[in-house]
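Topology and contacts: notes
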Amino acid sequence: MKIVSTEFVKSATAPEHYPRDKRPEIAFMGRSNVGKSSLINSLLGVKGLARTSSTPGRTQLINFFLINQAFYFVDLPGYGYARVPTAIKETWGQMIETYLANRQNLVLSIAITDSRHNPTPLDLMMRDWLEANQQPFIVVATKADKLSSNQLRASLKCAEAVMGEGKVIAYSAVTRKGVEQIWREISRRVR
Ligand code: GTP
Ligand code: MG
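Residues numbered from 1 in each chain as written. Chains lettered and ligands numbered in written order. Predicted model: local features only at pLDDT ≥ 70, side-chain atom pairs only at ≥ 80, totals over all residues. Heavy atoms only, no water.

Examining the nonpolar core
Core analysis: the largest hydrophobic core is formed by 32 residues, its most contacted members being Met29, Ile62, Phe64, Val74, Leu76, Tyr99 and Leu100. Among the elements that line this core, the one with the most residues is helix α2 (residues 86-102), at five residues. Of all hydrophobic cores here, the second largest spans 25 residues; its members include Ala50, Ile138, Val140 and Tyr171. (Core = buried A, V, L, I, M, F, W, Y, C linked by side-chain atoms within 4.5 Å. Buried < 20%, exposed > 50% of the residue type's maximum accessible area, 1.4 Å probe, protein only. Helix = DSSP H or I, 4+ residues; strand = E, 2+ residues; numbered from the N terminus.)

And the structure:
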């Protein structure tokens, strides 16, 4: 897809702050520091639209980015960061669950895992959230540049078995491996 415009629109914590129009939304979710914001930037070929950080917990709100005036990318807060106080953790969880449960505009969720690790209990929780809310999703295993091709193959096999949603797309924000495959999935849903 040709990207002609990208624009940060707003941050939200509750449904009354979500954009009011009916444009379709693609949501990016996954553990804190897994690479959600980096995935958004590299899919769009821009730097710094979604803020990234080596410190987990950078994205603490639901951020809406309008792409080509046609659809939104939604950067969800990373969950499961150990050093965040329990009360805040619960708020983040509720924020994500509320969004997934009620958002009519949501056409596809991108569930992001770290290709270097087997899916964690938190990754399974993410899958359960999506399935419980009957939300269509694809699984993207990012940071693939950190693995050899043999390691990557084994990692994808494990993720496919555990996450239970067909094929897992290997991705790297560094090499842009997987970028076309992900755009294919998105394009099918936003036109
Ligand atoms: P929170 O907003 O804190 O939940 O994090 P996030 O999931 O948005 O992660 P973010 O995109 O900020 O990336 C976290 C760290 O991982 C940063 O240091 C990134 O540079 C790094 N990173 C993200 N994607 C990749 C990748 O594909 N390859 C490599 N090598 N590093 C990556
Ligand atoms: Mg982020």
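Now, onward.
Quick notes on the pattern of salt bridges
Summed over the entire model, instances satisfying the criterion amount to seven salt bridges. For the salt bridge of Arg116 with Asp114, the shortest nitrogen-to-oxygen distance reads 2.8 Å. Taking the relative accessible area as the measure of exposure, Asp114 reaches 5% and is therefore buried. Asp128 is paired through a salt bridge with Arg127; the nearest N and O atoms lie 3.1 Å apart. Ionic contacts of the salt-bridge type, sharing partners, join the residues Glu185, Arg188 and Arg189 into one network. (Salt bridge = Lys/Arg side-chain N within 4 Å of Asp/Glu carboxyl O.)

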